[in-house]
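Below, each chain spelled out in residue letters.
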Amino acid sequence: SDRVTEIGYLAFRYWSNLVSVDLGNTVRSISNYAFEACTGLKDIVFSNSLEVIRDNSFGGCQSLEVLDFGENLQTIKPWALANLYKLHTIVFRSDPPVTFGDNVFGNGSSGGTNPQYVYAPDHLVTDYAYLINDVGYHGSCRPLSQYTG
């Protein structure tokens, strides 16, 4: 519905048969644990209306491969993207850069989120690289203009 502005606390937690989600054009916030451990979730469509992803929102969504965030994402809270073992690409489009909570990707040895590719707006690649390295991701950040997905 065009009236949904938030995905609520625990809304889809442990729904292992959930495969695909389109958040629509009005969702501004994803609450704590909203999609946690949705192990079958492979595809999620984020619109430009999304502003905040709260704690553990996608933790344990082991089938997600690509996260392509909209232009208005402002904040990703702690542990929101932990244990995404198949995640290979993250695309950030926000300017100014997203604010990250502690351990947003997990804590390394048990966090399990280590994407091969991270893309950010061309003029903000250095800023994003610094920010994501500060929260536990130790890869490189590429210019969004190189993203072909």
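Counting restarts for each chain, with residues numbered from 1 along the sequence as it is written. Per-residue local features are limited, in this predicted model, to residues with pLDDT of at least 70; the limit for side-chain atom pairs, both in listing and counting, is 80 or more; totals at the level of whole chains, interfaces and linings are taken over all residues. Excluded from the side-chain calculation are hydrogens and water; included are all heavy atoms of the structure.

Draft legend 1. Layout of the nonpolar core. Among buried residues, the Ala, Val, Leu, Ile, Met, Phe, Trp, Tyr and Cys ones that are joined through side-chain atoms within 4.5 Å form a nonpolar core. We call a residue buried when its accessible area falls under 20% of the maximum for its residue type, exposed when it is over 50%, and partly exposed in between, using a 1.4 Å probe and counting protein chains only. Ranked by size, the top nonpolar core spans 41 residues in total, and within it Phe35, Phe58 and Ile76 carry the most contacts. With 4 residues, helix H1 (residues 125-134) is the single largest residue contributor to this core. For Phe58, the contacting residues outside a window of four places in its chain are Ile30, Phe35, Leu41, Ile44, Phe46, Ile53, Leu64, Ala80, Leu81, Ala82 and Leu84. Runs of E in the DSSP output that reach at least two residues are strands. Runs of H or I that reach at least four are helices, and both are numbered from the N terminus. What makes two residues a contact is simply this: any of their non-hydrogen atoms within 4.5 Å.

Draft legend 2. Here's a closer look at the state of the cysteines. Counting rule for disulfides: a pair of cysteine sulfur atoms within 2.5 Å. A full pass over the atoms with the stated rule returns 0 disulfides. The cysteine Cys38 is free of any disulfide, with Cys61 supplying the nearest cysteine sulfur at 5.0 Å. Among the residues examined, Cys38 registers a relative accessible area of 0% and is labelled buried.

Draft legend 3. The arrangement of the environment of Val66 in detail. As for its position among the elements, Val66 is in strand S6 (residues 66-68). As for Val66 and Asp127, which are separated by 61 residues in sequence, their C-alpha atoms are 21 Å apart. The contact partners of Val66, leaving out residues within four places of it in the chain, are Leu87, His88, Thr89 and Tyr147.

Draft legend 4. Highlighting the environment of Pro97. In this structure, Pro97 sits in the loop between strand S8 (89-91) and strand S9 (99-100). In the structure, Pro97 is positioned 31 residues away from Tyr128 in sequence and 6.6 Å away in space, judged by C-alpha atoms. Contacts of Pro97, omitting those with residues within four sequence positions, involve Gln74, Leu124, Asp127, Tyr128 and Leu131.

Draft legend 5. The arrangement of the pattern of salt bridges in detail. What makes a salt bridge here is a side-chain nitrogen of Lys or Arg within 4 Å of a carboxyl oxygen of Asp or Glu, nothing more. This model, assessed by the stated rule, comprises 3 salt bridges. For Glu36, the salt bridge goes to Arg13, with nearest N and O atoms at 2.5 Å. Here the residue Glu36 occupies a position in the loop between strand S3 (29-30) and strand S4 (43-45), and Arg13 occupies one in the loop between strand S1 (6-7) and strand S2 (20-22), the gap between them amounting to 23 residues. Overall, Glu36 belongs to the buried group, its relative accessible area being 14%. Linking Asp68 and Arg93 is a salt bridge whose minimum nitrogen-to-oxygen distance equals 2.8 Å.

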